[in-house]
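Notes for the structure review
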Amino acid sequence: MPPLACPDCDRGIERDEIRARTVPRPDGIRTTYRCPFCRGNFETVAELL
């Protein structure tokens, strides 16, 4: 499987390198992902494939 491209730094990120953060909120659960290189946050992984 090819690496994902970070939307901020455009580097390739392997799936096991992505940092995920899940936060419970009153309106549901929110998960954000972080690039290990530039520390940029993004909402979905599917759009980066």
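Residues numbered from 1 in each chain as written. Predicted model: local features only at pLDDT ≥ 70, side-chain atom pairs only at ≥ 80, totals over all residues. Heavy atoms only, no water.

If you check an unreviewed UniProt entry, the chain appears there as Small CPxCG-related zinc finger protein from Halarchaeum salinum.

Helix and strand content of the chain: 0 helices and 5 strands. Element order for the chain, N to C, with α for helix and β for strand: β-β-β-β-β. Within the chain, buried positions represent 22% of all 49 residues. For the chain, long-range pairs separated by at least 24 residues make up 29% of all intrachain contacts whose partners lie at least 6 apart in sequence. Accessible surface for the chain amounts to roughly 3,800 Å². Of this, 47% is attributable to carbon and sulfur atoms. (Helix = DSSP H or I, 4+ residues; strand = E, 2+ residues; numbered from the N terminus. Buried < 20%, exposed > 50% of the residue type's maximum accessible area, 1.4 Å probe, protein only. Contact = heavy atoms within 4.5 Å. Areas by Shrake-Rupley, 256 points an atom, 1.4 Å probe, with all protein chains shown as cover.)

Glancing now at the pattern of salt bridges. According to the stated counting rule, one finds 1 salt bridge in the structure shown. Among the salt bridges present, the one from R30 reaches E43, with a minimum N-O distance of 2.8 Å. On the criterion of sequence distance, the pair formed by R30 in strand β4 (residues 28-34) and E43 in the segment after β5 (41-42) is long-range, its members being 13 residues apart. Looking at R30, the relative accessible area reads 37%, which means it is partly exposed. A residue is classified by how much of its surface remains accessible, and E43, at 44% relative accessible area, is partly exposed. (Salt bridge = Lys/Arg side-chain N within 4 Å of Asp/Glu carboxyl O.)

The next point concerns a positive patch on the surface. A surface patch of like charges, here positive, comprises R19, R21, R34 and R39. Note on placement: R34 falls in strand β4. For R34, a relative accessible area of 35% puts it in the partly exposed group. (Patch = residues over 30% accessible without salt bridge, like charges linked within 9 Å, V, L, I, M, F, W, Y side chains within 5 Å. Lys, Arg positive; Asp, Glu negative; His and termini not counted. Charge placed at Lys NZ, Arg CZ, Asp CG, Glu CD.)

With that out of the way, let us pick up the pairing of β4. The side chains of a regular strand alternate, first on one face of the sheet and then on the other. Pairing geometry for strand β3 (residues 19-25) and β4, over 7 bridges, is antiparallel. Bridging from a neighbouring strand, A20 pairs with Y33 of β4. The hairpin turn running from β3 into β4, its antiparallel successor, is 2 residues long. Here 2 bridges tie β4 to β5, and the two strands are oriented antiparallel to one another. (Pairing = 2+ DSSP bridges.)

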